[in-house]
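In case you want the letters, here they are:
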Amino acid sequence: MHLLFVTSLVPDGKPTTGYEIANKAIIDGLVRAGARVTVIGFVWPGSKPLDPDNTIVLGEVDVRNDTANFAQKLLWFGKAMMSGLTVSSVKLRVVTKETFRTAIASVEPFDAYVLNGVPLPGAFEDCFDDKPQIFIAHNVEHRSARENAEAATSPVQKYLFSRESRLLMGLEKRLCGRASFVFALADDDIDALGLSGTGRAAALPLVTGADTAKSKGRKIERDLGLIGTWTWQPNRIGLEWFLREVAPHLDEDIGVTVAGSTPADLKAAWPDVNFAGRVADATDFVCGCAVIPLISRAGSGVQLKTIETFELGLPSVATALSVRGIADIPDNCIVTDDPVGFAKAVNAMVPRVRAGEDLTREGDAFRAAQLARFDQQIRLGLDRLETRIANGREAA
């Protein structure tokens with residue numbers, strides 16, 4: 001079976017976001033299941049595709065709000081209003097529909113589309129009606145946008161997020177309705193997308209591919225480490241919750257280091273926090289932390305930072321949302337949504353690690369279990385897709 005994997009960003013071997021890590025894991029899983037996969041999408045400026053022989057690059061894009069100037073943001077918003085599309089899809093309208101169709105045609109013959117997330121399929125929604133489809137819902141996007149609207153303090157942001165939520169709800173409903181099978185990244189998302197009990201949806205338990213050897217005999221360099229793309233609104237909501245609600249209850253000698261892209265206003269609001277910016281190696285960073293706080297408070301899907309922490313066997317304290325979709329939570333992870341309880345757990349664990357107690361666990365077993373379940377779920381979707389393709393050939 002030959003699949004065309006339609007994605008905003010093609011794997012470039014240097015994943016910097018959870019979305020990119022998930023993309024590679026899903027493509028690898030499809031290949032392990034015996035599918036031939038050709039990927040079509042964009043690359044970051046200056047990047048090259050990891051597998052150029054099986055990739056169609058539509059061009060370079062930078063869709064990050066934090067790197068865009070005011071004029072660019074205004075242009076995106078204007079195009080979104082004129083086209084009736086979401087801002088996330090308009091950002092990818094840098095090629096014409098004719099160019100996109102020509103690129104698809106260059107891949108023929110292929111059997112089906114894998115529509116990875118909503119932005120690129122939403123930008124060219126009517127280009128995929130000629131073949132069966134699998135849809136991959138990385139998140140329940142309309143719900144995340146609604147949460148962002150509720151958390152926004154600016155009337156303009158509140159309007160924009162509310163508009164995105166309304167449009168995304170319709171887009172997700174159409175993509176799910178047309179798909180022969182839908183993969184989500186958490187069981188709760190299947191229910192939220194209205195697919196429970198349909199027999200055509202399954203959740204994929206992802207792995208990150210983190211180098212588990214780095215957690216063996218690790219050298220502790222900091223107490224608490226948080227790493228992420230804090231310009232993404234759901235991540236920011238979690239970080240603000242931690243800094244506002246949890247941090248005041250931490251012991252005074254416990255330090256907090258925040259790595260990753262961080263908005264300037266967040267840095268200004270918490271001058272006593274060590275904002276480290278981008279780090280050379282994310283795995284090295286987390287392995288050097290005594291305890292990992294897993295702080296998701298908004299969004300859907302699975303939290304890849306949680307999966308990486310469990311693969312590495314690192315001690316952690318997590319919110320309930322951070323461990324959603326994970327069946328086997330290690331015994332060195334404490335789960336609580338109470339800010340005082342969260343801080344209390346951290347206050348108890350950090351001194352133990354400082355004193356030399358090894359609170360790490362063997363993460364290879366967790367990864368193996370995730371992979372085995374992942375491959376089972378992929379097979380469910382591909383079997384249904386193969387049946388749909390066979391029925392279509394018979395009808396023809």
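Each chain carries its own residue numbering, running from 1 in the written order of its sequence. Residue-level local features of this predicted model are given only where pLDDT is at least 70; pairs of side-chain atoms are given and counted only at 80 or more, and the full residue set underlies all totals for whole chains, interfaces and linings. Only hydrogens and water are removed before side-chain values are computed, so all heavy atoms of the structure are retained for them.

Draft legend 1. Here's a closer look at the overall build of the chain. Secondary structure elements are defined from DSSP: runs of H or I of at least 4 residues count as helices, runs of E of at least 2 residues count as strands, and each element is numbered from the N terminus. Helix and strand counts for the chain stand at 14 helices and 13 strands. C-alpha atoms of the chain, sized along the principal axes, occupy 70 × 45 × 40 Å. Summary of the burial criterion: residues with accessible area below 20% of their type's maximum are buried, those above 50% are exposed, and those between are partly exposed, where the area comes from a 1.4 Å probe applied to protein chains only. By the burial criterion, 54% of the 396 residues in the chain qualify as buried. Computed by Shrake-Rupley with a 1.4 Å probe, the accessible areas treat only the displayed protein chains as cover when residues are assessed. Summed over its atoms, the accessible surface of the chain is roughly 17400 Å², and 52% of this surface lies on carbon and sulfur atoms. When charges are counted, neither His nor the chain ends are considered; positive counts come from Lys and Arg and negative counts from Asp and Glu. Charged side chains are reduced to one point each, which is NZ for Lys, CZ for Arg, CG for Asp and CD for Glu. Charge separation in the chain, taken as the distance between the mean sites of 44 positive and 50 negative side-chain charges, equals 4 Å.

Draft legend 2. Representation of the packing of aromatic side chains within the structure. When the centres of two rings from Phe, Tyr and Trp lie within 6.5 Å, Trp using its six-membered ring, the rings pair. Their planes under 30 degrees apart give stacked, over 60 give edge-to-face, and anything left gives tilted. Tallying each qualifying case throughout the model produces 8 aromatic pairs. Note on Phe 100 and Phe 124: the rings are 4.4 Å apart at their centroids and 15 degrees apart in plane angle, and the pair reads as stacked. With Phe 100 in helix 4 (residues 97-105) and Phe 124 in the loop between helix 5 (119-123) and strand 5 (133-137), this residue pair connects regions lying 24 residues apart in the sequence. For Phe 124, a relative accessible area of 1% translates into the label buried. Consider the rings of Phe 310 and Phe 366, whose centres lie 5.6 Å apart with planes at 90 degrees: the pair is edge-to-face. Of this pair, Phe 310 sits in helix 12 (residues 304-312) while Phe 366 sits in helix 14 (residues 364-395); the two residues are 56 residues apart in sequence, bridging distant segments of the chain. Accessibility expressed as a relative area gives 2% for Phe 310, which makes it buried. The structure contains a cluster of three or more aromatic residues connected by ring pairs, namely Phe 100, Phe 110, Tyr 113, Phe 124 and Phe 128. A ring is scored as having a charge over it whenever the NZ atom of a lysine or the CZ atom of an arginine sits within 6 Å of its centre and within 35 degrees of its normal. Sitting over the face of the ring of Trp 76, Lys 91 holds its NZ or CZ atom 4.6 Å from the ring centroid. Above the face of the Phe 124 ring, Arg 93 is positioned so that its terminal group lies 5.5 Å from the ring centre.

Draft legend 3. Up close: the pairing of strand 8 (residues 222-227). By the criterion of burial, strand 8 is predominantly enclosed, with 6 of the 6 residues buried. Strands were regarded as paired on the criterion that DSSP finds at least two bridges between them. As paired elements, strand 8 and strand 11 (residues 289-294) share 2 bridges and run parallel to each other. In the strand pairing of strand 11, Arg 222 is matched with Cys 289. By the bridge criterion, 4 bridges tie strand 8 to strand 9 (residues 256-259) in an arrangement that is parallel. Counted as the bridge partner of Ile 227 is Ala 259 from strand 9. For the handedness criterion, the β-α-β arrangement of strand 8, helix 9 (residues 233-246) and strand 9 is classed as right-handed. Seen with the strands pointing away from the viewer, any crossover whose path from the first strand over the helix to the second strand runs clockwise is right-handed.

Draft legend 4. Fine view of the side chain of His 2. Relative to the helices and strands, His 2 resides in strand 1 (residues 2-9). There is a polar contact of 2.8 Å between the side chain of His 2 and the side chain of Thr 38. Within the structure, His 2 has its side chain in polar contact with the backbone oxygen of Pro 109 (distance 2.9 Å). Two residues qualify as a contact provided that any one of their heavy atoms is within 4.5 Å of a heavy atom in the partner residue. Ignoring sequence-local partners within four residues, the contact set of His 2 consists of Arg 36, Thr 38, Val 107, Pro 109, Phe 110, Asp 111 and Ala 112. Two N or O atoms form a polar contact when they lie within 3.5 Å of each other; inside protein one atom must be a possible hydrogen donor and the other a possible acceptor, and for residues adjacent in sequence the pair counts only when both atoms belong to side chains.

Draft legend 5. Region of interest: the sheet that holds strand 10 (residues 274-277). Pairing is parallel in the open sheet, where 6 strands are placed in the order 10-9-8-11-12-13. The open sheet has two edge strands with one neighbour each: strand 10 and strand 13 (333-335). Along the sheet, successive strands turn relative to each other by an average axial angle of 25 degrees, direction set aside. Whenever a helix is involved, its axis is fitted only over the stretch in contact; in every case the axis is a line through C-alpha atoms, and angles between N-to-C directions fall within 0 to 180 degrees. The sheet strands contacting helix 13 (residues 339-354) are strand 8, strand 11, strand 12 (316-318) and strand 13, and the helix crosses strand 12 at an angle near 175 degrees.

Draft legend 6. Here's a closer look at the sheet that holds strand 2 (residues 36-43). A sheet is described by the order of its strands in space; here 7 strands give the open sequence 3-2-1-4-5-6-7, paired in parallel fashion. Across the chains shown, the open sheet's two edge strands, defined by having one partner strand only, are strand 3 (55-60) and strand 7 (201-203). Across the sheet, the mean angle separating the axes of adjacent strands is 15 degrees when strand polarity is ignored. Running at roughly 175 degrees to strand 1, helix 1 (residues 18-32) makes contact with strand 1, strand 2, strand 4 (112-116) and strand 5 of the sheet.

Draft legend 7. Up close: the pattern of salt bridges. Whenever Lys or Arg places a side-chain nitrogen within 4 Å of a carboxyl oxygen from Asp or Glu, that contact is recorded as a salt bridge. Under the criterion given, the structure shown has 25 salt bridges. Linking Asp 375 and Arg 32 is a salt bridge whose minimum nitrogen-to-oxygen distance equals 2.7 Å. Taken together, the residues span a long stretch of sequence, with Asp 375 in helix 14 and Arg 32 in helix 1 at a distance of 343 residues. Classification of Asp 375 by relative accessible area gives partly exposed; the value is 31%.

Draft legend 8. Up close: helix 12. Burial analysis of helix 12 places 8 of its 9 residues in the buried class, the great majority of the element. Listing the buried residues of helix 12 in full gives Leu 304, Thr 306, Ile 307, Glu 308, Thr 309, Phe 310, Glu 311 and Leu 312. Positive backbone phi, at 75 degrees, marks Gly 313, one or two positions downstream of helix 12.

Draft legend 9. Spatial organisation of helix 2 (residues 70-83). Given a rise of 1.5 Å per residue, 14 residues ought to cover 20 Å, and the 20 Å separating the end C-alpha atoms of helix 2 matches this to within 8%. Near the N-terminus of helix 2, the side chain that reaches the backbone nitrogen of Ala 71, with its oxygen 3.2 Å away, is that of Asn 69. One or two positions beyond helix 2, positive phi appears at Gly 84, with a value near 75 degrees. What a helix should span is 1.5 Å times the count of its residues minus one.

Draft legend 10. Representation of the nonpolar core in the model. Phe 5, Leu 30 and Leu 206 are the most contacted members of the largest nonpolar core, which totals 46 residues. Excluding residues that lie within four positions of it along the chain, Phe 5 makes contacts with Asn 23, Ile 26, Ile 27, Leu 30, Val 37, Thr 38, Val 39, Ile 40, Val 114, Asn 116 and Ile 136. Core analysis: the next-biggest nonpolar cluster, separate from the first, contains 38 residues, Ile 40, Val 61, Ala 184 and Ile 190 among them. The criterion is simple. A nonpolar core is a set of buried Ala, Val, Leu, Ile, Met, Phe, Trp, Tyr and Cys residues joined through side-chain atoms within 4.5 Å.

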